[in-house]
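# Observations on chain architecture
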Amino acid sequence: MDIPVYLFAGFLDGGKTTFINGILQDGFARDGRTLLICCEEGAEEYDPKALRNVTVVTVEEEDDMTPAFLKQLEKKHRPKQILIEFNGMWSLQKLYQDTLPDNWVLYQIMTMVEASTFDVYAKNLGQLMMEKITNADMIVFNRCDEALRTSLRQRNLKMVNRRANIYLENLDGTSEDYADDTVCPFDLEQDVIEIPDDDFGVWYVDVMEHPERYVGKAIRAKTVVCHLPKYPDNVILGRFAMTCCVEDITFLGLVSTGDSFAAFENRAWADVTGVIRLESHKAYEGEDGPVLHVTAVSPTDKPKQEVLTF
């Protein structure tokens with residue numbers, strides 16, 4: 001049976017234990033046995049009041065984290081879910097490739113960073129620091145003041161990890177989204193902005209929320225061609241995406257124009273290059289929206305992951 005694993009990455013004093021305490025206090029482990037593997041002990045301790053269904057196992061040496069040892073823990077404690085507070089000096093790649101048993105499914109990687117130490121770790125432990133940024137599904141920068149928020153946004157970490165949700169936690173305990181009008185997940189200085197297959201959904205959300213960024217910009221992407229009778233003068237180019245489960249699959253489509261699509265059947269795959277313009281179209285209910293003026297198109301194979309996930 002597959003067991004979901006939630007991994008908490010980051011260096012000492014980054015806020016991993018505090019975050020784990022928070023989700024446990026909110027009832028994360030209320031409905032099932034939870035195994036919490038602690039690979040790094042800092043000043044903060046787990047809240048004993050939140051550990052009712054939680055078994056804590058401490059691992060002090062990286063070499064002790066073997067598939068056989070983890071399977072022993074599974075057999076002994078029979079967890080429904082597993083939390084791992086990972087040691088910041090250990091390799092994530094080794095954990096993925098060599099350590100986790102096959103039925104331990106990595107559901108989410110959450111990276112906690114002490115904002116004031118990020119530059120130091122990035123400069124002195126570059127690979128160890130950046131693997132925790134590039135592989136994360138969620139990143140939280142803790143204890144941010146205004147100068148740190150500005151500095152982090154100027155780095156534009158969204159271009160390093162487009163899919164992660166990134167948050168800045170302020171000194172007063174409030175938090176804000178890292179992405180704002182100054183942060184774009186793609187390099188807009190390229191002659192042609194290449195949209196990787198896995199990142200089409202990220203780009204689609206960004207172009208819909210901030211179309212002004214892309215006006216006059218050339219983009220290239222692998223898309224599905226849709227011919228819709230209600231838009232006879234246009235094609236809709238996009239990708240199918242699953243936001244939660246199979247029942248939630250939807251089409252992320254962009255109004256497009258060009259003379260080269262007559263030979264493409266509905267739902268054919270195409271490698272498309274075009275320029276974004278802001279135009280009024282009935283698909284946007286009379287408002288101005290992004291329209292892709294196609295300059296080049298050719299048939300292509302479907303990507304390895306046909307349906308996008310968020």
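You'll find the structure just up there.
Reading guide: rules and limits
Residues numbered from 1 in each chain as written. Predicted model: local features only at pLDDT ≥ 70, side-chain atom pairs only at ≥ 80, totals over all residues. Heavy atoms only, no water. Phe/Tyr/Trp six-rings, centres within 6.5 Å; stacked < 30°, edge-to-face > 60°. Helix = DSSP H or I, 4+ residues; strand = E, 2+ residues; numbered from the N terminus. Buried < 20%, exposed > 50% of the residue type's maximum accessible area, 1.4 Å probe, protein only. Pairing = 2+ DSSP bridges. Arc of directions from axis to C-beta. Contact = heavy atoms within 4.5 Å. Polar contact = N/O pair within 3.5 Å; in protein donor to acceptor, adjacent residues only side chain to side chain. Patch = residues over 30% accessible without salt bridge, like charges linked within 9 Å, V, L, I, M, F, W, Y side chains within 5 Å. Areas by Shrake-Rupley, 256 points an atom, 1.4 Å probe, with all protein chains shown as cover. Salt bridge = Lys/Arg side-chain N within 4 Å of Asp/Glu carboxyl O. Lys, Arg positive; Asp, Glu negative; His and termini not counted. Charge placed at Lys NZ, Arg CZ, Asp CG, Glu CD. Axes fitted to C-alpha atoms, helices over the stretch in contact; angles between N-to-C directions.

## Details of the packing of aromatic side chains
Evaluated as defined, the whole model comprises eleven aromatic pairs. Taking the centre distance of 5.4 Å and the plane angle of 85 degrees together, the rings of Phe 118 and Phe 141 count as edge-to-face. Placement of Phe 118 in helix α4 (residues 118–124) and of Phe 141 in strand β6 (residues 138–144) is noted, with a sequence separation of 23 residues between them. We classify Phe 141 as buried; its relative accessible area is 0%. An aromatic cluster is defined as three or more aromatic residues linked by ring pairs; in this entry it consists of Phe 200, Trp 203, Tyr 204 and Tyr 214.

## Remarks on the pairing of strand β12 (residues 249–257)
Relative to β12, strand β11 (residues 235–242) runs antiparallel, the two being bridged by eight bridges. Bridged to Ile 236 within β12 is Val 255. Two strands pair when backbone bridges link them, and β12 and strand β14 (residues 288–299) are joined in this way by two bridges, in the parallel orientation. Counterpart to Ser 256 in the pairing with β14 is Leu 292.

## Structural notes on helix α6 (residues 146–155)
Those residues of α6 that sit buried are Arg 149, Leu 152 and Arg 153. All buried residues of α6 lie within an arc of 100 degrees about the axis, which places them on one face of the element. Residues of α6 that are exposed and angled more than 90 degrees away from the buried face: Ala 147 and Gln 154. Against α4, β6, β7 (165–170) and β8 (175–177) lie the buried residues of α6. One side-chain oxygen at the N-terminal end of α6 lies 3.2 Å from the backbone nitrogen of Ala 147; it belongs to Asp 145. Just downstream of α6, Asn 156 is the residue with a positive phi angle, here 50 degrees.

## Overview of a negative patch on the surface
Judged by side-chain charge, Glu 41, Glu 44, Glu 45, Glu 60, Glu 61 and Asp 64 come together as a negatively charged surface patch. Along the polypeptide, Glu 61 turns up in the loop between β3 (54–58) and α2 (67–77).

## What about the environment of His 210?
By secondary structure assignment, the location of His 210 is in the loop between α7 (200–209) and β10 (218–226). Since its relative accessible area comes to 14%, His 210 is described here as buried. Remark: the alpha-carbon pair of His 210 and Met 65, spanning 145 residues in sequence, is separated by 45 Å.

## So, the environment of Ala 43
Inspection of the secondary structure puts Ala 43 in the loop between β2 (34–38) and β3. For the pair formed by Ala 43 and Thr 17, sequence separation is 26 residues and the distance between their alpha carbons is 9.1 Å.

## Remarks on helix α3 (residues 92–99)
Buried within α3 are the following residues: Leu 92, Leu 95 and Thr 99. End-on, the buried residues of α3 take up no more than an arc of 100 degrees, which puts them together on one face. Looking at the buried side of α3, the elements it contacts are β1 (3–9), α2 and α5 (126–134). The distance from a side-chain oxygen at the start of α3 to the backbone nitrogen of Gln 93 is 3.3 Å, and the residue carrying that oxygen is Ser 91.

## Here we look at the sheet that holds β8
Read across the open sheet, the eight strands follow the order β3-β2-β4-β1-β5-β6-β7-β8; overall the sheet is mixed. Either end of the sheet is taken by a strand with one partner, and the two such strands are β3 and β8. Here the strands of the sheet are splayed against their neighbours by 20 degrees on average, with no regard to which way each runs. Pairing analysis gives five bridges linking β6 to β7, with the strands arranged parallel. Residue pairing in the sheet places Met 138 in a bridge with Asn 165 of β7.

## Quick look at the pattern of salt bridges
Scanning the model with the defined rule gives 16 salt bridges in all. Ionic pairing is found between Arg 153 and Asp 180, a salt bridge with its closest N-O pair at 3.3 Å. With Arg 153 in helix α6 and Asp 180 in the loop between β8 and β9 (192–194), the pair connects residues that are 27 residues apart, well separated along the chain. Through salt bridges with shared partners, a single ionic network connects Arg 149, Arg 153, Glu 176 and Asp 180.

## Some points on the side chain of Glu 114
Mapped onto the fold, Glu 114 is located in strand β5 (residues 104–114). A polar side-chain atom of Glu 114 sits 2.3 Å from a polar atom in the side chain of Arg 143. Sequence-distant contacts of Glu 114, defined by excluding residues within four places in its chain, comprise Asp 13, Gly 14, Asn 142 and Arg 143.

## Focus: the pairing of strand β13 (residues 268–280)
Each regular strand shows side chains that alternate between the opposite faces of the sheet. Across eight bridges, the pairing between β10 and β13 is antiparallel. Looking at β13, one finds that Thr 223 is bridged to Ala 270. Where β13 meets β14, eleven bridges bridge the pair, whose relative direction is antiparallel. Bridge assignment links Gly 274 to a residue of β14, and that residue is Val 294.

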